[in-house]
Amino acid sequence: MTVRNTIMGLRSRLLLLTLLAVLPAFVLIGYSVHVQRHEVEARVEKQALRIVQAAIQEERQLIGTTRQLLKSMAQLPAVHPDSDRRRVCGEILAMLNRPNPSYFNLGAATPDGNIFCSALPFDEAVNISDRGYFQLAIHNRGLGIGEYQIGRITGDPAINLGYPVLDNNGEIAAVVFAALGLSWLEDLMSSPDLSPGSSLMVMDSGGTILARSADSPFNAGDSISEQPLFEAIRQHTGGTAVTLKDAHGKPTLYAFEPLHGDANGRIYVSLGIPAQVAFAEVNRYLYRTGSLLVLVSLLVFAAAWFGSDILVLRRINALKYTARELAGGNLSGRTGLTRGSDELGQLAGAVDDMADALQRSNRALRTLSACNHAVVRATSEVELLRGVCDNIVAFGGHHAAWVALRNETEPERLQLQSLALHGTDSPAGSEPLGLLDMQGDNHPLRDVLELGETFVCRDTCSDPAMAPWAEAARQQAIRAVVLLPLQLNHRLIGVLGIYATDTDAFDNHEIALLGEAAEDLVYGIRALRISASHERAHATIAHMAYYDHLTELPNHVSFDESLHERLQAAAPTALLLIEVERFHPINEALGFHHGDSLLRDIGARLGQCLPDAATLARMRGKEFGILLPDNRPEAALACARDIIATLEAPFTVEGLILYVTVTIGISLVPDHGEEAPALIRRAGSAVRQARRAGEHYALYVPEDETRAQRRLSLAGQLRDAIDKDELVLHYQPKIDLRSQSLWGVEALVRWNHPRDGMIPPGEFISLAEDTGLIKPLTDWVLNAAMCQSARWRIRNRPVPISVNLSANNLHDGKLLDKIEQMLHTCDTDVGLIKLELTESALMLSPDKSLDTLRQLHAKGFSLLIDDFGTGYSSLSYLQRMPVSALKIDKSFVQAMLDGPESLTIVRSTIALAHDLGLKVVAEGVETQAILQQLDALDCDVAQGYFFSRPLPTDQFDAWLENSPYHYYSPEPGNV
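Below, the structure is looked at part by part. Just so we're clear, the structure is a prediction, and the values are computed from it rather than from any experiment. (Residues numbered from 1 in each chain as written. Predicted model: local features only at pLDDT ≥ 70, side-chain atom pairs only at ≥ 80, totals over all residues. Heavy atoms only, no water.)

### Some thoughts on the overall build of the chain
When you go through the chain residue by residue, the secondary structure sums to 29 helices and 31 strands. Projected onto the principal axes, the alpha-carbon positions of the chain cover approximately 160 × 130 × 55 Å. Here the chain holds 975 residues, and the buried ones make up 47% of them. Within the chain, contacts between residues at least 6 apart in sequence are counted, and of these 60% link residues at least 24 apart. Roughly 48800 Å² of accessible area belongs to the chain as shown, and the carbon and sulfur atoms make up 52% of that amount. Taking the average place of the 85 positive charges on the side chains of the chain and the average place of its 118 negative ones, the gap between the two points comes to 5 Å. (Helix = DSSP H or I, 4+ residues; strand = E, 2+ residues; numbered from the N terminus. Buried < 20%, exposed > 50% of the residue type's maximum accessible area, 1.4 Å probe, protein only. Contact = heavy atoms within 4.5 Å. Areas by Shrake-Rupley, 256 points an atom, 1.4 Å probe, with all protein chains shown as cover. Lys, Arg positive; Asp, Glu negative; His and termini not counted. Charge placed at Lys NZ, Arg CZ, Asp CG, Glu CD.)

Right under this line is the structure:
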């Protein structure tokens, strides 16, 4: 079927050439018919123009006659409205109308349009002032021609003409008119020049038929405004010829021209000739000429059909049969045609030569396909090399194939990796010719390895390059050799060798295909090596994704997945979240390297005290997580106690002895939730609960989450409270114990919430520190305190005010600029402002803190260290700081009567401060006994509820008026 289709395709091409030969004759006939059709159209248009011209001539004669008639009527005395002969006007006009049947009526009207005289009688008053001919006659004082209209007296269609009647003064006294019927147009319909079946129509500008011939598809009075003919008339108002379909759907050639009038009042004459009649002669010519040409073409096509089969297609059959055999895999197929000098003879020889080349190349293609097969399916490099060698021998029909790769330790030598021999399935032990010994100066493998060039020997017996191995080749019937370089990433890694038993076995095309096979082999080696590298990388990435690189414990991702799995399985579970306390100071003091070492040791020790079914993970930073397969509270608490006991023993890190404390929060499944994020969050809440209670571990209490939600809500409201000035300052006095006078006050911020009332300072101060609002909060306190100081100074109460500076404000690079602006805005005396800084805040960054303190001191501020004894400041730093006083934390002051330890600390602190020239302020003084003890220890200043609680401004003013302590009076050393 394919051969037949191909023959038909060639035969079709020959017939197409024949068709192209006769095509000009068809084109010539078509052109002739086209010219004749244009001539017919021109003839019809001329015929229509003759008829229209005749109508125009007739119309001109009638209009001229009517003009003379109207002029004559205008001279009659009877047509004057005021004439005494007016009553006989109608009779006179009727007498004039009888010999002129072309006129439907004659009459006269007053200048305002009222008809007073008519050849035809009328009963009612008639006014023609709106008629165009009447208005033209009045306006032009001459003949006025109207459009086609229905007469108001006659009721018949007519063209009306008017003429003015002048009185003796030359004024228009009346207008005479004549209604001209269309009977003159009927004469046009009987024209002998009309072709059979032609239709002649006369129509007005609105598309109404005024007159028609007998063959017209429309009647007089019909409207054709929606017909294609009238659309063409509107588009070509000057007249033309068009071909349209008539009312019966038959093609008709129309020609039309206007008779007279303006664009809105024209009368048109249209002549329609059926296309079948108009082009009858042209169609007969086309039929006769076309039939003759078709007959000649058929004869030519028959000759081309049978001649092509005898002269061309039989030889093409032989060529196509051979091509089909070759395409089917029978490479021994030949055409059997004689080679000749003609095109088909040359083509037959080329096909036979191609078959020979295909037979030689097929072996190389099978080899390439076999190599690709091995590359795709191999899962290891050894399997790949073995598969390639086996397939080259099995599918390529070669005697032997081997692969040798460079020795890693001796790159100049090759090491046999795989070998396949024809006729044996067992791997051979060595390369058959002994080429891999690399002996001799002109060794063929050296050029392959050093230059990367393919070595080809088509006859081992005669090629000088193979002389040292000619005998071995003869014994094994090896007649041709090809050595192909294997190049990976621009580096020669080995050689692919192929041996054949046929002389001239490897032609250029076959060598190119074998070169592609060698490239595919290298690609396979590269892909397998990359795959192995990727597998190792994936294993490393997977380990990094789920394990902590520092402790080698599962990380938080692995912990979350394990928790999700246990939740999905509804397994009883307890979650323990462990946080290492005071880990940051260890990192700061010893360095991150020692901190990392400590975390590794903690992780190892935790793993030793947990049951085998438990899951231990390092979460983030200083946090560890544990999943216990037991949700009983007593089991979880017992595990927490075991952990505390395990970590009590000191850790040795780089020769240093360190003691570690942890806080453990516990949440249970399902008591405390069935979703991983909630369980982890609630375990964290339990950690904070344990810290507040001073315990090492705690079980989650639901109230803590309510408290956390309240803190979250307050965090947003605190920002608004700062901006909306909902905060107030309370002032707690400080009393100089020697002079019993007011030494100053401490400004303490309070939050008067509009809904919840007064919020405890301990709640919103810690909230501000946690949310980062401590900086704007401290800025507000500073500004409010400075402005209050200025107000007291104006009232002659120069009371020093102490303000606490947070660590965030202390390390704020804009702190000095802000304070300078506040001093200027409030007009504050810098000598009345004391700044208190906690010992722990100063030691976060000692050097930077020292620089800031010096700048503040230089501006005139008095500086105090708050909560002294709770931090880690050294005497060297304390000695360098420009401070004027130390404040002893109330925890030591209130406990000094309960034991010698706190008393010793207070005594030592006072002695140390005095030795350094500093004053000492003791806070938390609530009893007379504490005050007496401080006085005995030579303390300088005391502050506490014994003197007064913190008071708002108005209450503090009242307290000061009634207290035994006098106003502040500056004295040396007070600041």
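### A closer look at the side chain of Ser849
Position of Ser849 among the secondary structure elements: in helix α24 (residues 846–858). With relative accessibility at 0%, the residue Ser849 sits in the buried group. Excluding residues that lie within four positions of it along the chain, Ser849 makes contacts with Leu810, His811, Ala841 and Leu842.

### A closer look at the packing of aromatic side chains
Tallying each qualifying case throughout the model produces eight aromatic pairs. Residues Phe946 and Phe947 carry aromatic rings whose centres are separated by 5.4 Å and whose planes lie at 85° to one another, so their mutual orientation is edge-to-face. Accessibility expressed as a relative area gives 9% for Phe947, which makes it buried. Between the aromatic rings of Trp959 and Tyr965, the centroid separation amounts to 6.2 Å while the plane-to-plane angle is 25°, which identifies the pairing as stacked. Looking at Trp959, the relative accessible area reads 16%, which means it is buried. Residue class for Tyr965 comes out buried when judged on its relative accessible area of 15%. (Phe/Tyr/Trp six-rings, centres within 6.5 Å; stacked < 30°, edge-to-face > 60°.)

### As for the sheet that holds strand β5 (residues 172–180)
The antiparallel open sheet is built from five strands, whose spatial order is β2-β1-β5-β4-β3. Only two strands of the sheet have a single partner each, and these edge strands are β2 (115–118) and β3 (144–150). Across the sheet, the mean angle from the axis of one strand to that of its neighbour is 25°, orientation sign disregarded. Pairing of β3 with strand β4 (residues 157–166) involves five bridges; the strand directions are antiparallel. Paired with Gln149 across the two strands is Ala158, which belongs to β4. (Pairing = 2+ DSSP bridges. Axes fitted to C-alpha atoms, helices over the stretch in contact; angles between N-to-C directions.)

### With respect to the pattern of salt bridges
Going through the model one piece at a time under the given rule, you end up with 23 salt bridges. With a closest N to O distance of 3.2 Å, Asp390 and Arg386 form a salt bridge. Of this pair, Asp390 and Arg386 are both found in helix α9 (residues 381–396), four residues apart, which corresponds to roughly one turn of the helix. A salt bridge links Asp938 to Arg738, with the shortest nitrogen-to-oxygen separation between them at 2.8 Å. You can see Asp938 sitting in the loop between α28 (928–936) and β31 (941–943) and its partner Arg738 sitting in the loop between β23 (727–736) and β24 (741–753), a full 200 residues away along the chain. When salt bridges that share partners are traced, they join Lys734, Glu746, Glu836, Lys887 and Glu923 into one network. (Salt bridge = Lys/Arg side-chain N within 4 Å of Asp/Glu carboxyl O.)

### Here we look at a nonpolar patch on the surface
On the surface, a cluster of nonpolar side chains totalling about 800 Å² of accessible area is made up of Leu16, Leu17, Leu19, Leu20, Leu23, Phe26, Val27, Val294 and Leu298. Of all elements in the fold, only α1 (2–74) and α7 (280–327) reach the threshold of two or more residues within the nonpolar patch. Ranked by residues supplied to the nonpolar patch, first place goes to α1 with seven residues. Take Leu17: it is sitting in helix α1. With relative accessibility at 55%, the residue Leu17 sits in the exposed group. (Patch = residues over 30% accessible without salt bridge, like charges linked within 9 Å, V, L, I, M, F, W, Y side chains within 5 Å.)

### Comments concerning the pairing of strand β9 (residues 251–258)
A large share of β9 lies buried, amounting to seven of its eight residues. Taken together, the six bridges between strand β8 (residues 240–245) and β9 define a ladder with antiparallel strand orientation. In the sheet register, Thr240 faces β9, and the bridge partner there is Phe256. Between β8 and β9, which pair antiparallel one after the other, the connecting turn spans five residues, and Gly249 there sits at a positive phi close to 80°.

### Digging into the sheet that holds strand β7 (residues 209–212)
Reading across from one edge, β7-β6-β10-β9-β8 is the order of the five strands in this open sheet, with antiparallel pairing throughout. Whereas interior strands pair on both sides, the edge strands pair on one side only; in this sheet they are β7 and β8. Ignoring which end each strand starts from, the neighbouring axes of this sheet average 25° apart.

### Digging into the side chain of Ser741
Along the chain, Ser741 turns up in strand β24. Residue Ser741 is classed as buried on the basis of its relative accessible area of 13%. Beyond its immediate chain neighbours, meaning those up to four positions away, Ser741 contacts Lys734, Ile735, Asp736, Tyr965 and His966.

### A few points about the state of the cysteines
Under the criterion given, the structure shown has two disulfides. Bridging Cys787 to Cys826, the disulfide has an S-S length of 2.2 Å. Looking along the S-S bond of the Cys787-Cys826 disulfide, the torsion reads about -45°, which is the left-handed sense. Taken as a pair, Cys787 in helix α20 (residues 774–794) and Cys826 in helix α22 (residues 815–826) lie far apart in primary sequence, 39 residues in all. On the basis of relative accessible area, Cys787 is assigned to the partly exposed category, the value being 21%. Once the bonded cysteines of the chain are numbered in order along the sequence, the disulfide links fall as 1-2, 3-4. This cysteine, Cys371, is not joined by any disulfide, and Cys389 carries the nearest cysteine sulfur, 8.4 Å off. (Disulfide = S-S within 2.5 Å.)

### Side note on unusual backbone geometry
In the segment running from Val669 into Pro670, the intervening peptide bond is cis, with an omega of 5°. Considering the arrangement of structural elements, one finds Pro670 in the loop between β21 (662–669) and α17 (676–693). Positive phi outside glycine occurs at Glu552, with the angle close to 65°. For Glu552, the position within the fold is in the loop between α12 (508–546) and α13 (556–568). In this structure, Arg582 is a non-glycine residue whose phi angle is positive, near 50°. Within the secondary structure, Arg582 is located in the loop between β16 (573–580) and α14 (583–590).

### Some words on the pairing of β24
Looking along a regular strand, one sees side chains alternate from face to face of the sheet. Of all 13 residues in β24, twelve are buried; the element is thus mostly enclosed. Summarising the sheet, β23 and β24 pair through ten bridges and their orientation is antiparallel. Across the sheet, Ile735 pairs through a bridge with Leu742, a residue of β24. The turn linking β23 back onto β24 is made up of four residues, and Gln740 within it adopts a positive phi angle of 50°. Inspection of the sheet shows β24 paired to strand β26 (residues 801–805) by two bridges, in the parallel sense. Bridged to Val745 within β26 is Ile801. With three bridges connecting them, β24 and strand β25 (residues 757–759) associate as antiparallel partners. The residue bridging Asn752 from the neighbouring strand is Met758, located in β25. Here β24 folds back onto β25 in antiparallel fashion, the turn holding three residues.

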